[in-house]
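# A closer look at the structure
The lines below spell out each chain.
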Amino acid sequence: MSVSLVGILKSFKQTIKRLFSKPVTVHYPEETAPISERFRGRIVLDMEACIGCTLCSQACPNGTDCMQVIPGREQANNKRGLWPRVNVVQCMYCGLCEEVCPTDAIFLTPEFRTSRTDRGEFDYDAIQLSKTEAELTMEGQKELEGGL
Ligand code: SF4
Ligand code: SF4
């Protein structure tokens, strides 16, 4: 089997070039790579703005966004206490719920770090949707420490 010297030299040239160029990787999680302006990540709900109209749930193509009554969480602009509930791992981040919402209460954010140890924890009710991932992680840690 003959090996092309030209091919070897080309590969060698690429290797040398890479040695002196800026790395394309970052030290995650201390650093993160730039996120596109149009990136669609974890859904957030502004509970004060949500009127419980169900439009987001009706627009959701795969039934990820379901409506749920949360007893005791009725408010002046949401008298039935009816709120969206989203399973963030079933969600395909299409953004249709955000598009149809008449009050801009539900929207997608650049957050992509949603890690849990239990599958059931990915099903977020309105209260969880209204919090950031950092807040939810902090609450989870406190619960864990309390149980030890
Ligand atoms: S982003 Fe799309 S899939 Fe996800 S909850 Fe909204 S409508 Fe449903
Ligand atoms: S999030 Fe928007 S579309 Fe969904 S129930 Fe609330 S107000 Fe209606």
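Residues numbered from 1 in each chain as written. Chains lettered and ligands numbered in written order. Predicted model: local features only at pLDDT ≥ 70, side-chain atom pairs only at ≥ 80, totals over all residues. Heavy atoms only, no water.

On to the site of ligand 1. Residues in close proximity to ligand 1 include Ile 43, Cys 60, Pro 61, Asn 62, Asp 65, Cys 91, Met 92, Tyr 93, Cys 94, Gly 95 and Cys 97, which together make up its full environment. For the shell around ligand 1, the class distribution of residues is eight nonpolar, two polar and one charged. (Near = heavy atom within 4 Å. Nonpolar A, V, L, I, M, F, W, Y, C, P; charged D, E, K, R; others polar.)

Let's shift gears to the sheet that holds strand E2 (residues 65-69). Strand order in the open sheet made by the three strands is E2-E3-E5, with antiparallel pairing throughout. Whereas interior strands pair on both sides, the edge strands pair on one side only; in this sheet they are E2 and strand E5 (123-124). With five bridges connecting them, E2 and strand E3 (residues 82-87) associate as antiparallel partners. Within E3, the position partnered with Cys 66 by the bridge is Arg 85. (Pairing = 2+ DSSP bridges. Helix = DSSP H or I, 4+ residues; strand = E, 2+ residues; numbered from the N terminus.)

Right, let's get into unusual backbone geometry. Cis geometry marks the peptide bond from Tyr 28 to Pro 29; its omega dihedral reads 10°. Notably, Thr 54 is not glycine yet its phi reads approximately 75°, a positive angle. With respect to the helices, strands and loops of the structure, Thr 54 is situated in the loop between strand E1 (43-45) and helix H2 (55-59). A positive phi angle is found at Tyr 93, which is not glycine, with a value near 55°. The topology assignment puts Tyr 93 in the loop between E3 and helix H3 (96-100).

With that out of the way, let us pick up the packing of aromatic side chains. A full pass over the atoms with the stated rule returns two aromatic pairs. Plain terms: the ring middles of Tyr 28 and Phe 112 are 6.5 Å apart, the flat faces sit at 35° to each other, and that makes the pair tilted. Of this pair, Tyr 28 sits in the loop between helix H1 (5-20) and E1 while Phe 112 sits in the loop between strand E4 (106-108) and E5, and the two are 84 residues apart along the sequence. Residue Tyr 28 is classed as partly exposed on the basis of its relative accessible area of 44%. Their ring planes at 85° and their centres at 6.4 Å tell us that Phe 39 and Phe 112 sit as a pair that is edge-to-face. Of the two residues, Phe 39 sits in the loop between H1 and E1 while Phe 112 sits in the loop between E4 and E5, which places them 73 residues apart along the sequence. Here the aromatic residues Tyr 28, Phe 39 and Phe 112 are joined through ring pairs into a cluster of three or more. Here the basic side chain of Arg 113 rests over the ring of Phe 112, its NZ or CZ set 5.1 Å away from the ring centre. (Phe/Tyr/Trp six-rings, centres within 6.5 Å; stacked < 30°, edge-to-face > 60°. Buried < 20%, exposed > 50% of the residue type's maximum accessible area, 1.4 Å probe, protein only. Lys NZ or Arg CZ within 6 Å of the ring centre and 35° of its normal.)

So, about a positive patch on the surface. On the surface, a cluster of positive charge is made up of Lys 10, Lys 13, Lys 17 and Arg 18. Checked against the element boundaries, Lys 13 lands in helix H1. (Patch = residues over 30% accessible without salt bridge, like charges linked within 9 Å, V, L, I, M, F, W, Y side chains within 5 Å. Areas by Shrake-Rupley, 256 points an atom, 1.4 Å probe, with all protein chains shown as cover. Salt bridge = Lys/Arg side-chain N within 4 Å of Asp/Glu carboxyl O. Lys, Arg positive; Asp, Glu negative; His and termini not counted. Charge placed at Lys NZ, Arg CZ, Asp CG, Glu CD.)

A few words now on the nonpolar core. Formed by 21 residues in total, the largest nonpolar core has its most connected members in Ile 43, Leu 45, Trp 83 and Ile 106. Those elements giving two or more residues to this core turn out to be E1, E3, E4 and helix H4 (126-129). Contact partners of Trp 83, with chain neighbours within four places excluded, come to Leu 45, Met 47, Cys 50, Cys 66, Met 67, Gln 68, Ile 70, Arg 73, Gln 75, Asn 78 and Ala 126. (Core = buried A, V, L, I, M, F, W, Y, C linked by side-chain atoms within 4.5 Å. Contact = heavy atoms within 4.5 Å.)

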